[in-house]
Every structure is written in structure tokens, then in C-alpha cells.
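Read off the chains here:
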Amino acid sequence: MKITTIRTFPITLTVRPEYYIVSSVGAHPISRYVVVAIETDEGVTGWGEATVVPLWSGESQGGALALIQDHLAPLLRNRDPQDIDFREIDSVAIDNHFTKAAVEMALLDLIGKQQKKPIYELLGGAKNPLRIPIKFSIGLREPEDSAAIAAEKVKQGFSAIKIKVGPNPEKDLRRAEAVREAIGPEIKLNVDVNGGWSVEEALREIPRYERFNLEYVEQPTPRWDIDGLAAVRAAVDVPIMADEAVFAIWQAEQVIAKKAADLISIYPGKNGGLLKSKRICKLAEDAGIGCHLGSNLEWDIGTAAMCHLTAACPNVQVGKYPVDILGPLYYSVHPQEKPIQFQGGCVVTPSGPGLGIEMNEAEIEALVEWAKQIP
């Protein structure tokens with residue numbers, strides 16, 4: 001099998017207005033993606049997805065399209081996917097984590113189809129259940145609105161809720177109080193600050209949330225301040241999760257060495273691919289630190305990859321900490337014949353070869369045309 005063509009599709013989706021996310025980083029009313037299709041001379045296509053948010057990862061649609069077509073595509077053409085050393089992708093450009101992850105995702109999809117194995121088998125086999133518990137994430141909404149959404153999701157079977165906090169201490173606290181009252185004491189609850197607090201603010205605010213029995217506080221301090229994150233973790237009783245602080249493997253090593261987190265959030269896009277996420281997960285496991293799957297509101301392709309990663313990584317502690325594999329719930333359109341299945345607060349890992357999803361290319365091309373109308 002030889003790679004013949006690499007095609008890219010810029011996709012823009014509107015987030016369902018009843019769920020759109022507002023956080024310390026800003027509003028997320030639309031999502032932009034680059035979908036990658038790697039085609040072969042045997043008629044087999046591998047699919048990947050880059051979730052591009054300039055304010056979050058520094059990547060844009062235009063930048064991702066250019067990097068793939070001008071630099072990564074020439075590296076891949078006329079080669080057997082199984083002969084490609086994935087480290088070659090890093091030799092082309094630094095950073096650009098989500099873009100590189102999209103290409104790796106498509107290659108793994110191809111290899112899985114070649115070998116007639118799901119990606120989780122390529123990664124070493126399923127160590128976690130294929131039916132994965134997830135949480136629902138609620139943005140910076142009014143406390144009453146947040147409470148109503150949380151109560152609705154608990155009725156649908158969710159066992160965990162995440163709420164965004166950060167810019168307005170008193171209103172954030174009221175949001176947490178309203179949600180906890182709405183969901184009761186048994187449902188897991190955590191807050192995500194998205195790096196919106198200084199060390200001093202984190203030390204002041206986190207004790208105020210202890211009465212809500214939080215599972216953890218996610219990324220309380222800015223991503224660049226690992227020493228500050230370590231200082232917060234050492235001073236508070238609530239577990240601390242590192243998310244934005246860990247894009248690259250070297251950052252994970254720093255967080256581990258400085259004892260800056262009780263949990264590390266991984267996901268293929270942020271870490272530059274499934275293989276890097278899996279490596280970070282093993283580093284954390286060796287250090288006695290659990291891992292969790294975060295989200296950048298991936299579409300269905302990226303969501304399938306996240307499911308396969310979770311299934312293959314026993315240190316992603318899904319029983320204790322339901323994960324953030326929930327992106328498709330925020331959109332009304334989907335790119336494949338059979339959408340990702342969500343059942344009773346769980347997501348079901350696709351089990352076919354590769355990513356396990358059958359793409360609807362006509363739908364993708366229609367969405368490319370529709371996106372041209374969005375500024």
C-alpha cells in the first residue's frame with residue numbers, strides 16, 4: 001500500500017447555543033477544524049482531525065492547511081504507512097500539536113485498516129472498558145442556568161459534572177453552589193479554571209470550594225507557571241489537575257519532577273498525537289500520577305481517537321474520574337454514516353478497523369462550502 005494523495009478540508013461548526021462554552025480563555029461559540037484524508041493506491045483512506053483554536057494552542061485553520069500541504073504531505077507521498085517513523089513528523093516543524101496529531105491519526109487509521117485492527121489494538125490492546133464514563137462540561141453561565149443543565153445531564157445518566165470558573169469569584173462560587181445543590185452529594189463535581197487564577201488567587205479561592213466536595217481543581221494557574229502550580233498543590237487539600245501546562249512530553253516531565261499535579265490531562269490533539277499521549281500517560285503512571293482525557297470540543301474523528309487512546313491506557317482512571325470525551329454532543333452535524341454513540345453518561349469506543357468510523361465525504365464537502373459563509 002502506497003500513499004498517493006493527502007487532502008484537507010477546512011470545517012467550521014456552530015456550537016449548540018444551549019451548551020456553548022465560555023471560560024477564562026474566552027467564548028467558544030464556533031469550532032474550526034481541519035479534516036485530513038490520506039488516500040492510498042489500494043483505495044483505502046485514513047482520516048484525521050485537527051481542532052484549531054489560536055488562543056488555546058496557537059494554531060489556525062490556515063496555518064494547519066499550509067503545514068500539511070506544503071510540508072507534511074511531501075514527506076508522506078509514495079510511502080507505505082507502516083514504513084513511516086512517526087518521529088519524522090516532528091522533523092518538519094516544531095509545536096503545531098493538533099495539526100501533527102491529525103496526520104498521525106490518519107496514518108494510524110490507515111494502518112489499522114491495513115491490519116484489520118482497531119487503533120486500540122495497535123496501541124497494545126484494550127486495558128479499559130470500551131464503554132467509557134464521561135462528564136459533562138458547563139461554561140461560565142448564570143448559576144441557575146448551569147444548575148438546570150447539570151440536573152438535566154444527571155437525569156440522562158451522567159455521573160460527573162465540570163463547571164468553568166475563574167473571572168468572577170463570587171458569581172463562580174454561586175455557580176458551584178447552585179450546581180452542587182441541583183445534582184446532589186453523590187454526583188462527582190470538579191471546576192476548571194483554565195489558568196485564570198494567579199497563585200495568590202488560587203490559594204484564596206480553592207479553600208472556598210472545599211464544601212462542595214470537589215474531585216479536583218483543573219489548571220488553576222497559568223500554563224507557563226509550573227512552579228506556581230506546584231506551590232498551589234502543596235498548599236491545598238483538593239487534588240490538582242494539570243491541563244494546559246502539559247502539551248509536550250518535556251512539560252509532563254517538568255510537572256512530574258516538580259510534583260505540580262495529582263492528575264495530568266492528556267489528549268491526542270494537545271499532545272501532538274496518540275503515541276505521545278500514551279507516552280505521557282506511562283510517565284505519569286511510573287510516577288504514581290493518574291491521567292485523564294481532556295477535550296478541546298473535538299468533532300467525531302478526534303473523539304474516536306480519544307476513545308481508542310483511553311481504551312489502551314490503564315492509567316486513564318475512568319472509573320474514578322469520568323473523562324471529557326464529549327465533543328460531538330455540542331454539535332448538530334456529524335461527518336460519518338453512524339455517529340459516535342453516547343449512552344447513559346458513557347461514550348462507546350468504535351470497534352471497527354482503524355478509528356472504526358465510516359466517513360460521509362459528501363457531508364464533509366458540503367460543510368466546507370457552508371463554512372465559507374461564516375466570517
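Refer to the structure above for everything that follows.
Residues numbered from 1 in each chain as written. Predicted model: local features only at pLDDT ≥ 70, side-chain atom pairs only at ≥ 80, totals over all residues. Heavy atoms only, no water.

1. Things to note about the sheet that holds strand 15 (residues 346-348)
The sheet built from three strands is open, its strands ordered 6-15-14 with antiparallel pairing. Here the strands that pair on one side only, and so sit at the sheet edges, are strand 6 (131-133) and strand 14 (342-343). As defined by bridge partners, strand 14 adjoins strand 15 across two bridges and the pair is classed as antiparallel. If you follow F342 over to strand 15, its bridge partner there is V347. (Pairing = 2+ DSSP bridges. Helix = DSSP H or I, 4+ residues; strand = E, 2+ residues; numbered from the N terminus.)

2. Observations regarding unusual backbone geometry
The general pattern is negative phi for most residues beyond glycine and trans for most peptide bonds. Of note in this structure, N96 is not a glycine but carries a positive phi near 55°. With respect to the secondary-structure elements, N96 resides in the loop between helix 3 (87-90) and helix 4 (97-115). Since its relative accessible area comes to 26%, N96 is described here as partly exposed. (Buried < 20%, exposed > 50% of the residue type's maximum accessible area, 1.4 Å probe, protein only.)

3. A short note on the environment of K188
Tracing the backbone through its elements, the reader meets K188 in strand 9 (residues 188-192). Of the residues examined, K188 reaches a relative accessible area of 24% and is grouped as partly exposed. Along the primary structure K188 and R175 are separated by 13 residues, whereas in three dimensions their C-alpha atoms are 15 Å apart. Excluding residues within four positions of it along the chain, K188 makes contact with S159, A160, I161, I183, E215, G319, K320 and P322. Within the local environment of K188, its side chain forms a polar contact with the backbone oxygen of K320, the two atoms lying 3.3 Å apart. (Contact = heavy atoms within 4.5 Å. Polar contact = N/O pair within 3.5 Å; in protein donor to acceptor, adjacent residues only side chain to side chain.)

4. Some details on the packing of aromatic side chains
Per the counting criterion, the structure on display carries eleven aromatic pairs. With centroids separated by 6.1 Å and ring planes inclined at 70°, the aromatic side chains of Y209 and F212 adopt a geometry described as edge-to-face. By the burial criterion, Y209 is buried, and F212 matches it. An aromatic cluster is present here, built from W56, F98, F247 and Y267 joined pairwise through their rings. (Phe/Tyr/Trp six-rings, centres within 6.5 Å; stacked < 30°, edge-to-face > 60°.)

5. Quick look at the nonpolar core
In terms of nonpolar packing, the biggest core is built from 119 residues, with I11, I38, I161 and I264 touching the most fellow members. Ranked by the residues each element gives to this core, the list is headed by helix 4, at nine residues. Sequence-distant contacts of I264, that is, excluding residues within four places in its chain, are made with A242, V246, V255, I256, I280, A284, I289, G290, C291 and H292. (Core = buried A, V, L, I, M, F, W, Y, C linked by side-chain atoms within 4.5 Å.)

6. Here's the deal with helix 9 (residues 226-235)
The complete set of buried residues in helix 9 reads I226, G228, L229, A230 and V232. Next to the buried residues of helix 9 lie helix 8 (199-209), strand 11 (240-242) and helix 10 (249-257).

7. A word on the environment of A37
Position of A37 relative to the elements: it lies in strand 4 (residues 30-40). Under the relative-accessibility criterion, A37 is labelled buried at 0%. In this structure the C-alpha to C-alpha distance between A37 and F9, which are 28 residues apart in sequence, comes to 8.3 Å. For A37, the residues in contact, after removing those within four places along its chain, are T5, I6, R7, F9, T45, G46 and W47.

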